[in-house]
Amino acid sequence: MNFLEERIVKDGIIKEGNVLKVDSFLNHQMDIDLFNEIGQEFKKRFANKEINKILTIEASGIGIACIAAQHFHVPVVFAKKSKSINLEGEMLVAEVESFTHKCKNNVIVAKKFLNPEDKVLIIDDFLANGCALQGLIQIVQSAGASVEGIGIVIEKGFQSGGRIIRNLGFQLESLAIIESMDDKAGTVVFREQ
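About the thresholds
- Residues numbered from 1 in each chain as written.
- Predicted model: local features only at pLDDT ≥ 70, side-chain atom pairs only at ≥ 80, totals over all residues.
- Heavy atoms only, no water.
- Helix = DSSP H or I, 4+ residues; strand = E, 2+ residues; numbered from the N terminus.
- Rg over C-alpha atoms; globule rule 2.2 N^0.38 Å.
- Contact = heavy atoms within 4.5 Å.
- Areas by Shrake-Rupley, 256 points an atom, 1.4 Å probe, with all protein chains shown as cover.
- Lys, Arg positive; Asp, Glu negative; His and termini not counted.
- Charge placed at Lys NZ, Arg CZ, Asp CG, Glu CD.
- Pairing = 2+ DSSP bridges.
- Axes fitted to C-alpha atoms, helices over the stretch in contact; angles between N-to-C directions.
- Parallel < 35°, antiparallel > 145°, perpendicular 65-115°, else oblique.
- Left-handed = near helix turned anticlockwise from the far one by under 90°.
- Buried < 20%, exposed > 50% of the residue type's maximum accessible area, 1.4 Å probe, protein only.
- Arc of directions from axis to C-beta.
- Right-handed = clockwise from strand over helix to strand, strands pointing away.
- Expected span 1.5 Å × (residues − 1).
- Core = buried A, V, L, I, M, F, W, Y, C linked by side-chain atoms within 4.5 Å.

A. Broad picture of the overall build of the protein chain. When you go through the protein chain residue by residue, the secondary structure sums to five helices and 10 strands. Taken over C-alpha atoms, the radius of gyration comes to 16 Å for the protein chain, in line with the 16 Å a tight globule of 193 residues would show. Each principal axis of the C-alpha atoms in the protein chain carries an extent, and together these give about 50 × 35 × 30 Å. Sequence separation of at least 24 residues holds for 60% of the intrachain contacts in the protein chain that already meet a minimum separation of 6. Here the protein chain displays about 9,600 Å² of accessible surface, and carbon together with sulfur accounts for 47% of that area. Averaged over its 22 positive side-chain charges, the protein chain has a centre that lies 4 Å from the centre of its 26 negative ones.

This is how it looks when you write it as structure tokens:
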């Protein structure tokens, strides 16, 4: 069992409907030492890639991406879920459906922050159905940039997202892949990696 799987078993809470709450260390309260380990692991897994930018989506991916970016020494761009008056110029837009929030959002990145010469690592906290990732991939490709890899902290392996993204030919590295969860017993089964 790796460091992340151990933490999920210790502090994760399984809820009805295949929901895993990791808000005490990942996506509400953030354990920065854990994030540093996550960043080191992503750097190790994508060491052979020439990454010059990290892309994530607000809000839960931002902290993880920022700490990971310190290991790559590159900037982080995050896709916004709503247009603000501060956004100006040409925009890259994709529609994504949120598994957690059960709604569709347009995600937006100012075109000036993604260029054809960019080699992008996409990072996010969770992968379930893959809609958010497909939207981020679409944004990178619309900019003419290349997706060099995708780093996910927790993948729900029993949902289709991981299979869909891998079938598209991307290097997808998930630090913990959950095969099944039992909310009654409070147990998680991880995929061997």
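Read on, since the account is not over.
B. View of the sheet that holds strand β4 (residues 76-79). Here six strands make up an open sheet; going across it, the order is β4-β3-β7-β8-β9-β10 and the pairing mixed. Each edge of the open sheet carries a strand with a single partner, namely β4 and β10 (187-190). Between one strand axis and the next, the sheet turns through 25° on average, direction left out of account. Pairing analysis gives eight bridges linking strand β7 (residues 119-127) to strand β8 (residues 146-156), with the strands arranged parallel.

C. Molecular detail of the packing of helix α2 (residues 32-45) against helix α3 (residues 60-72). Contact geometry for α2 and α3: axes closest at 8 Å, N-to-C directions at 55°. As judged from the angle between their axes, α2 and α3 are oblique. For the pair α2 and α3, the crossing hand works out as right-handed. Residue-level contacts link Ile 32, Phe 35, Asn 36, Ile 38, Gly 39, Gln 40, Phe 42 and Lys 43 of α2 to Gly 63, Ile 64, Ile 67, Ala 68, His 71 and Phe 72 of α3.

D. Here's a closer look at the environment of Gly 61. Among the secondary structure elements, Gly 61 is positioned in helix α3. Of the residues examined, Gly 61 reaches a relative accessible area of 0% and is grouped as buried. A sequence separation of 92 residues divides Gly 61 from Val 153, and the C-alpha atoms of the two residues are 9.4 Å apart. For Gly 61, the residues in contact, after removing those within four places along its chain, are Thr 56 and Asp 124.

E. Region of the structure containing helix α1 (residues 3-11). Within α1, the full set of buried residues consists of Leu 4, Glu 5, Arg 7 and Ile 8. Seen along its axis, α1 keeps its buried residues to an arc of 160°; they face one direction. Of the surrounding elements, those touching the buried residues of α1 are β2 (19-21), α2, β8, β9 (172-182) and β10.

F. Looking closely at unusual backbone geometry. Going from Glu 58 to Ala 59, the amide bond is cis rather than trans, its omega being 5°. Examined against the element boundaries, Ala 59 turns out to sit in the loop between β3 (53-57) and α3. Even without being a glycine, Asn 18 presents a positive backbone phi close to 60°. Judged by its relative accessible area of 34%, Asn 18 is partly exposed.

G. Up close: the pairing of β7. Within β7, seven of the nine residues are buried, leaving the element largely enclosed by the surrounding structure. Of the strand pairs in this sheet, β3 and β7 are connected by three bridges, and their pairing is parallel. Across the sheet, Lys 53 pairs through a bridge with Val 120, a residue of β7. Since β7 and β8 lie parallel, the crossover through helix α4 (residues 131-142) that links them has a hand, and here it is right-handed.

H. Region of interest: α4. Its 12 residues place the ends of α4 16 Å apart at the C-alpha level, agreeing with the 16 Å of an ideal helix rising 1.5 Å per residue. Where α4 terminates, the next one or two residues include Gly 144, which has phi positive at roughly 80°.

I. Local environment of the nonpolar core. Within the largest apolar cluster, 31 residues are counted, with the highest numbers of intra-cluster contacts made by Leu 26, Ile 38, Phe 42, Ile 54 and Ile 154. Contributions of two or more residues to this core are made by α1, α2, α3, β7, β8, β9 and β10. Residue contributions to this core peak at six residues, all from α3. Discounting chain neighbours no more than four positions away, the residues touching Leu 26 are Phe 35, Ile 38, Ile 64, Asp 125, Phe 126, Val 153 and Ile 154.

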